Amino acid sequence: MRFIRHNRPLLAAAAALLAVAAGCSAPADSGAGTQAPDITVFAAASLTDVIEAMDEAYDGGGRLRINLGSSAQLSGQLLSGAKADIVITADLEAMDAVREEGLTASGRVVAGNATVLALAPGNPGKVSSLADLSSEEVQTAVCAASVPCGRAAARVLESAGVALDGESREDSARAVLTKVTTGQADAGLVYQTDALSAANQGVTYVELNDPEPNQYPAALTAEGAKHEAAVRFYEWLTGEDAARIFREAGFLPPGQ
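All values derive from a computational prediction rather than experimental measurement.

Cut-offs applied
Residues numbered from 1 in each chain as written. Predicted model: local features only at pLDDT ≥ 70, side-chain atom pairs only at ≥ 80, totals over all residues. Heavy atoms only, no water. Disulfide = S-S within 2.5 Å. Buried < 20%, exposed > 50% of the residue type's maximum accessible area, 1.4 Å probe, protein only. Helix = DSSP H or I, 4+ residues; strand = E, 2+ residues; numbered from the N terminus. Arc of directions from axis to C-beta. pLDDT = per-residue confidence, 0-100. Contact = heavy atoms within 4.5 Å.

## Some thoughts on the state of the cysteines
Using the criterion set out here, one finds one disulfide in the structure. A sulfur-sulfur separation of 1.9 Å characterises the disulfide bridge that pairs C143 with C149. Between C143 and C149, the S-S dihedral sits near -95°, and the bridge is therefore left-handed. For the pair shown, C143 and C149 are each scored as buried.

So, in structure tokens, the structure goes:
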């Protein structure tokens, strides 16, 4: 689990520390000894960059504890008893199991994400379309069928009438992206936001006909609904400030 702390001055706490160093005692109601509450967020791996941007932008109080992983992993952890205040998955199906077990208090789709064909730096496989993936000369990486990016890849391939043979199967879109950026794969099916995040590493991409881009639901868990700081962050996450950050990272508006 990753820990992301807000890097903002805690003036009251600093003042209290100075008072102790000087042999003084702080007033009981000054906030001395208080600590920003933890807000545990389970987020799909494809949200790695955007959740860090949100952590920088959010100023509603609280320390974010970020658990990144494939949506299937996150869902499994919650169903096994792991505690989280907020969970964001990369498709609706991944959230269904959590919701059906009564682990969520409220939920809302916060963004969409299209599937694209990412190409390794320099495009060594000379790939220009999905049809090229059928060649034995092209090394392809996609997500496993059990995770959202795998379901998205299957949807896009079926729509195009393309069958793969000998492709590697990864547990998240970020794992596929790593294969592509390092040249272990000539091409990979990832989300558009993943491809954009690797542009500075020489990754390019081909837009595809994605008949139904993935929808990313965010849910306040039943546990999180009891925590004031978590409720505040959830309200911010589902508001316009967070929507702007999603758009800037290349995500689609909800429903698109």
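## As for helix 8 (residues 228-237)
Each full turn of the α-helix corresponds to 3.6 residues, which orients residues three or four apart in the same direction. For helix 8, every residue scored as buried is listed here: A229, A230, F233, Y234, W236 and L237. Summarising the axial view, the buried residues of helix 8 lie within an arc of 160°, below the 170-degree limit, and thus occupy one face. Facing away from the buried side of helix 8 by more than 90 degrees, the exposed set consists of E228 and E235.

## A look at the confidence of the model for the protein
With 87% of its residues at a pLDDT of 70 or more, the protein has an overall mean of 88. Here residues 2-33 scores under 50 on pLDDT; set against residues more than four positions off or in separate chains, the count is 30 contacts.

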